[in-house]
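Fold and contact review
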Amino acid sequence: MTATSLDKIVGLAKRRGFVFPSSEIYGGLASTWDYGPYGVLLKNNLKNFWWQAMVQQRDDIVGLDAAILMHPRTWEASGHVDSFSDPLIECRNCHNRFRSDDLPELVCPICGQRDNFTEPKNFNLLMKTFLGTTEDAKSAVYLRGETCQGIYVNFKNIIQTSRVKIPFGIAQIGKAFRNEITPGNFIFRMREFEQMEMQFFCRPDEAAKFFELWKEERWNWYKKLGFNLSNLRFKPHEKLAHYAKAAVDIEYQTSFGWKETEGIHNRGDWDLSRHGKFSGKDLNYFDEQSKEKFTPFVVETSVGVDRLMLMMLFDAYEEEVTIDEDSGQEEVRVILHLAKEIAPVKMAILPLLKNKPELVEVSKKLYNELKATGRMIEYDESGAIGRRYRRQDEIGTPYCVTIDFQSLDDHMVTIRDRDSMKQERVPIEEVNNFLS
Ligand code: ATP
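Figured I'd write up the structure that's included with this text. All residue numbers refer to positions counted from 1 along the written sequence of the respective chain. With the structure being a predicted model, the display of local features is reserved for residues of pLDDT at least 70 and the display and counting of side-chain atom pairs for 80 or more, all residues being used for whole-chain, interface and lining totals.

All right, on to the overall build of the protein then. Along the backbone of the protein there are 13 helices and 23 strands. Each principal axis of the C-alpha atoms in the protein carries an extent, and together these give about 75 × 65 × 50 Å. Put simply, a residue is buried when 20 or more other C-beta atoms lie within 10 Å of its own C-beta and exposed when 12 or fewer do; between those, it is partly exposed, and each C-beta is set from the backbone. With 436 residues in all, the protein has 31% of them scored as buried. Put simply, 62% of the contacts in the protein that link residues at least 6 apart link residues at least 24 apart. To qualify as a helix, a DSSP run of H or I must reach at least 4 residues; to qualify as a strand, a run of E must reach at least 2; elements of each kind are numbered from the N terminus. Two residues form a contact once the distance between their C-beta atoms, set from the backbone, is within 7 Å.

Here is the structure:
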């Protein structure tokens, strides 16, 4: 079990500007969150890391960015209007509401009363909104409940315009919305969140093979991201959803239990055949080689950006008791051991003293040179050097560079490594190479 409590992650996220409650000055809005300066950098790096692996470095996957608002028939075809619901029950004593499938026994987690709930009511998770300007001309549409539907409805467009041939995938990153009954645990379950989904279209007789292949590919991606693999596991689904032929989750061990971070599903031909039927368009695939026409099967990998970010913070967080280099007092050093590709800031440039113009000049020159290479670099001259290191450790900056008086003579600077805290003297013109 990870030792880190959720409170510590929430505290760090707020303190260092990773995540804020949405519209906080108005008291916040339940289960919606805003990403602050370091949060947005971290999130963009994470999305980029996924996009690189899933689109950029492959020949068989193309990207897409479909609209959040879609024709309402989409959600009838997908089955969401009928069955995208959770069983909602209410405690008759304290009137709190729960998902009945969340409660192993019918005991209220708030007031403790047993067997005193309303009958389960199906509660649809789709969020409705209205298009149109005048009241009578308004029509109801839904905010998409998952991003993959935008992929299925563009299957034909992509087949016709890109030179893809089965087997191939379409990948997309974007917002999804669900009116969750029990949101919470910070950014674990939100009502507005972001998904990274890839739908891989293949011959029906190859779907089982690709399902296994994608399990392996995705596992290796977590490994590359630097996850502690003993905190991850595969969990096959006990009950399959209406569309699924096979399904497995990648789970992470959080302080509140093993929780799904990603789903990998063999969805059969459910999606394309349903959209074919509801739209009246032919969404079958014609295989030039075998001269066969068939409805492709879909193997999907689907991960939430926000949820993954939470898991990553759990995995990276460490507290270490140290003696402060300046005051000599014991203090807690918080370190985020984030993968270097993901860390919001790659390097911090720290002149030893801020009131020595020679040090500041050399430091700012280096800072501007490194920034011009397109990386996120931070310049920090305020406070004792130990404190400045600590500030960078807490946001996961892999390297700090200190410019001291000796640097003015020998043109060498000290690079300090976040994880080992080892310090190395490097010629100033070598810092860029070092970082590369
Ligand atoms: P859960 O069982 O936790 O409700 P799910 O099985 O409904 O999740 P999917 O529909 O498979 O989830 O969505 C794929 C991924 O999207 C999930 O693995 C998760 O990472 C993310 N996700 C789903 N719902 C939310 C949410 N409300 N907030 C944040 N991320 C979510």
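Quick look at the site of the ligand now. Only the C-beta atom matters for this test: placed from the backbone, it must lie within 6 Å of a molecule or strand for the residue to be near it. Taken together, 16 residues lie near the ligand, and Phe193, Gly263, Ser302, Gly304 and Arg307 sit nearest. Looking at the shell around the ligand, the elements that each hand over two or more residues are β10 (192–202), β13 (257–266), β16 (297–304) and α9 (305–316). The element contributing the most residues to the shell around the ligand is β13, with four residues. Residue polarity is assigned by list, with Asp, Glu, Lys and Arg as charged and Ala, Val, Leu, Ile, Met, Phe, Trp, Tyr, Cys and Pro as nonpolar; anything else, Gly included, falls into the polar class. Split by residue class, the shell around the ligand holds three nonpolar, five polar and eight charged.

This brings us to the sheet that holds strand β20 (residues 377–379). For two strands to be treated as a pair, DSSP must find at least two bridges joining them. The five strands lie next to each other as β20-β19-β21-β22-β23, forming an open sheet whose pairing is mixed. Among the strands making up the open sheet, the edge pair consists of β20 and β23 (423–427). Taking the axes of each pair of neighbouring strands and ignoring which way they run, one obtains an average angle of 25 degrees across the sheet. Relative to β23, strand β22 (residues 412–417) runs antiparallel, the two being bridged by five bridges. The residue bridging Thr414 from the neighbouring strand is Arg425, located in β23. Whenever a helix is involved, its axis is fitted only over the stretch in contact; in every case the axis is a line through C-alpha atoms, and angles between N-to-C directions fall within 0 to 180 degrees. Against the sheet, helix α10 (residues 357–371) contacts β19 (347–351), β20 and β21 (399–403), and its axis sits at roughly 165 degrees relative to β19.

Taking strand neighbours across the sheet as the criterion, the seven strands line up as β3-β9-β10-β16-β13-β12-β11 in an open arrangement whose pairing is mixed. Two strands in the sheet have a free side with no partner beyond their single neighbour: β3 (61–64) and β11 (232–236). The sheet shows a mean angle of 25 degrees between the axes of neighbouring strands, taken without regard to direction.

This part covers unusual backbone geometry. In this chain, Ile166 is followed by Pro167 through a cis amide linkage whose omega measures 10 degrees. On the secondary structure map, Pro167 appears in the loop between α6 (155–161) and β9 (168–177). Despite not being glycine, Ser23 shows a phi value in the positive range, around 40 degrees. On the secondary structure map, Ser23 appears in the loop between β1 (19–21) and β2 (33–35). The phi torsion at Lys291 lies on the positive side, around 60 degrees, for a residue other than glycine. The topology assignment puts Lys291 in the loop between β14 (285–287) and β15 (292–294). Given 7 C-beta atoms within a 10 Å radius, Lys291 is considered exposed.

The analysis is restricted to geometry; functional conclusions fall outside its scope.
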